[in-house]
Amino acid sequence: VLEMPAFIATKVSQYSCQRKTTLNNSNKKFTDAFEVMAENYEFKENEIFCLEFLRAASLLKSLPFSVTRMKDIQGLPCMGDQVRDIIEEIIEEGESSRVKEVLNDERYKAFKQFTSVFGVGVKTSEKWYRMGLRTVGEVKADKTLKLSKMQKAGLLYYEDLVSCVSKAEADAVSLIVKNTVCTFLPDALVTITGGFRRGKNIGHDIDFLITNPGPREDDELLHKVIDLWKKQGLLLYCDIIESTFVKEQLPSRKVDAMDHFQKCFAILKLYQPRVDNSTCNTSEQLEMAEVKDWKAIRVDLVITPFEQYSYALLGWTGSRQFGRDLRRYAAHERKMILDNHGLYDRRKRIFLKAGSEEEIFAHLGLDYVEPWERNA
Ligand code: ATP
Ligand code: MN
Ligand code: MN
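Values in this document were obtained by computation on a predicted structure and should not be read as measured data.

**Digging into the overall build of the chain**
Along its length, the chain carries 16 helices and ten strands. In terms of overall dimensions, the chain has a C-alpha envelope of 65 × 55 × 45 Å along the principal axes. Residues classed as buried in the chain amount to 48% of the 376 residues present. The contacts of the chain with a sequence gap of at least 6 include a subset with a gap of at least 24, amounting to 69%. Split by element, the accessible area of the chain, about 19,800 Å² in all, is 52% carbon and sulfur. The chain carries 55 positive and 56 negative side-chain charges, and their two centres are separated by 4 Å.

This is the structure in structure tokens:
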């Protein structure tokens, strides 16, 4: 822990891509509170207030010390009045009455449950809330609701999917993905991205990026992988999104843009050998006791052309806040447009090629930030 004199608040950047944010959060008490506030504003579709709290949370996560006095946040960016009020309350009272109010709010509680279902966002939650529904149990019981295929799967495997994915499970799924992909394309590069690449040991899903070095592309790869898993009985759900990438198209300037890669949001069946095999060890006994020997796991697969791989890797590694700030930094400080496909220099009117994440940071004039320091 750094002593205060070594720490110069005015030198802290407002952009998380100019800070190092590891998983050692010295200010969890505050950042948890901000994340509740941000989520509540997200549920109210107030993007500005939502982002204000997400930026504040991200900033406190990067501090090398715990905030204990208001003086500690003096001179720091991203500390607006709303944010300061909550910090002050937590310092003085140990908790924030505003945050407690949100946590007890009927609408917040219902939306929190609804949005925890795969395939359910704020719009669907709003609809269900207006219909008088309040819990996932009530949603499951309501047979008149019109659900998408995704939401049906989300409800069917709800318990498995809300219980987080462990690092061990991520490693097991990683082996399956790599083996399957390599039966079709032996040279393919399969990389785990998302939270696990940032060093997290739990996640809500497992994200993979798949590319084939060299000129050869295989548009059918994803379909082949999915078909094989179907045959093997490993696929519980899948939604394949075909590529919508258009060459020469300028990168999107939206803050939270979806990309145009071919991808698949899937639910895989991961078999888990039972630890206590003393009582049930034959398949017959398993069946009779109806012991479930698998867990449903959310998996995202993204296929990228090799030339765009580094940009895709940077985008899919996240965190979401880190990605938002990279794009905001590119736009506001460099007159460049960054997305998961590339980087466009508006002054030079050219796309900047990059063969590694390091090169992208260099194009942006930023010091390199390691994946485990991107937990903004
Ligand atoms: P978790 O442990 O909750 O999964 P995560 O950081 O891995 O955390 P994800 O939602 O899996 O979160 O997303 C990983 C990264 O990929 C994020 O930076 C996010 O911005 C990006 N991402 C997620 N979904 C999409 C999408 N549909 N299009 C483009 N980028 C996405
Ligand atoms: Mn993820
Ligand atoms: Mn994901």
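**Digging into the coordination of the manganese ion (ligand 2)**
For the manganese ion (ligand 2), the protein coordination sphere consists of Asp205 (OD) and Asp207 (OD), at 2.0 to 2.1 Å. According to the relative accessible area criterion, aspartate 205 is buried, its value standing at 6%.

**Regarding the pattern of salt bridges**
Counted according to the given criterion, the structure contains 21 salt bridges. Among the salt bridges present, the one from glutamate 39 reaches lysine 112, with a minimum N-O distance of 3.0 Å. Placement of the pair is glutamate 39 in helix α1 (residues 28–43) and lysine 112 in helix α5 (residues 106–115), with a sequence separation of 73 residues. On the accessibility criterion, glutamate 39 (18% relative accessible area) is buried. Residue lysine 292 is joined to aspartate 160 by a salt bridge in which the shortest nitrogen-to-oxygen separation is 2.8 Å. You can see lysine 292 sitting in the loop between α13 (283–289) and β7 (294–303) and its partner aspartate 160 sitting in helix α9 (residues 158–162), a full 132 residues away along the chain. Taking the relative accessible area as the measure of exposure, lysine 292 reaches 41% and is therefore partly exposed. With a relative accessible area of 14%, aspartate 160 lands in the buried category.

**With respect to the site of ligand 1**
Around ligand 1 there are 17 residues in total, and Gly195, Arg198, His204, Asp205 and Met258 lie nearest to it. Within the side chain of histidine 204, one N or O atom sits 2.7 Å away from an oxygen atom of ligand 1. Measuring from an oxygen atom of ligand 1, one finds a side-chain N or O atom of aspartate 205 at 2.7 Å. In isolation ligand 1 offers 620 Å² of accessible surface; the protein chains occlude 80% of this area. When contributions to the shell around ligand 1 are tallied by element, the ones reaching two or more residues are α11 (194–197) and α14 (309–317).

**Comments concerning the packing of aromatic side chains**
For the coordinates displayed, the defined rule picks out 14 aromatic pairs. A ring pair is formed by phenylalanine 34 and phenylalanine 53, whose centres lie 5.9 Å apart and whose planes are at 50 degrees; its orientation type is tilted. Here phenylalanine 34, found in helix α1, pairs with phenylalanine 53, found in helix α2 (residues 47–62); they are 19 residues apart in sequence, far enough to count as distant. Across the pair, phenylalanine 53 and phenylalanine 34 agree in class, each one buried. An aromatic cluster of at least three residues, connected via ring pairs, comprises Phe34, Tyr41, Phe49 and Phe53. It is arginine 107 that lies over the ring of phenylalanine 111; its NZ or CZ is 4.1 Å from the centre.

**Structural notes on the side chain of glutamate 126**
Mapping glutamate 126 onto the fold places it in helix α6 (residues 122–130). Those residues in contact with glutamate 126 that sit more than four places away from it in its chain are Arg107 and Phe111.

**Points about α2**
Taking 1.5 Å of rise per residue, the 16 residues of α2 would be expected to cover 22 Å, and the 23 Å separating its terminal C-alpha atoms lies within 8% of that figure. Residues of α2 that are buried: Cys50, Leu51, Phe53, Ala56, Ala57, Ser58, Leu59, Leu60, Lys61 and Ser62. Packing partners of the buried residues in α2 comprise α1, α3 (81–93) and α15 (320–334).

**Quick look at the side chain of asparagine 27**
For asparagine 27, the position within the fold is in the segment before α1. Among the polar contacts made by the side chain of asparagine 27, one reaches the main-chain amide nitrogen of valine 67 at a distance of 2.7 Å. Contacts of asparagine 27, omitting those with residues within four sequence positions, involve Leu60, Leu63, Phe65, Ser66 and Val67.

So, how was this worked out
Residues numbered from 1 in each chain as written. Chains lettered and ligands numbered in written order. Predicted model: local features only at pLDDT ≥ 70, side-chain atom pairs only at ≥ 80, totals over all residues. Heavy atoms only, no water. Helix = DSSP H or I, 4+ residues; strand = E, 2+ residues; numbered from the N terminus. Buried < 20%, exposed > 50% of the residue type's maximum accessible area, 1.4 Å probe, protein only. Contact = heavy atoms within 4.5 Å. Areas by Shrake-Rupley, 256 points an atom, 1.4 Å probe, with all protein chains shown as cover. Lys, Arg positive; Asp, Glu negative; His and termini not counted. Charge placed at Lys NZ, Arg CZ, Asp CG, Glu CD. Donors = N, O, S within 2.8 Å, 3.2 Å for Na, K, Ca; no water. Salt bridge = Lys/Arg side-chain N within 4 Å of Asp/Glu carboxyl O. Near = heavy atom within 4 Å. Polar contact = N/O pair within 3.5 Å; in protein donor to acceptor, adjacent residues only side chain to side chain. Phe/Tyr/Trp six-rings, centres within 6.5 Å; stacked < 30°, edge-to-face > 60°. Lys NZ or Arg CZ within 6 Å of the ring centre and 35° of its normal. Expected span 1.5 Å × (residues − 1).

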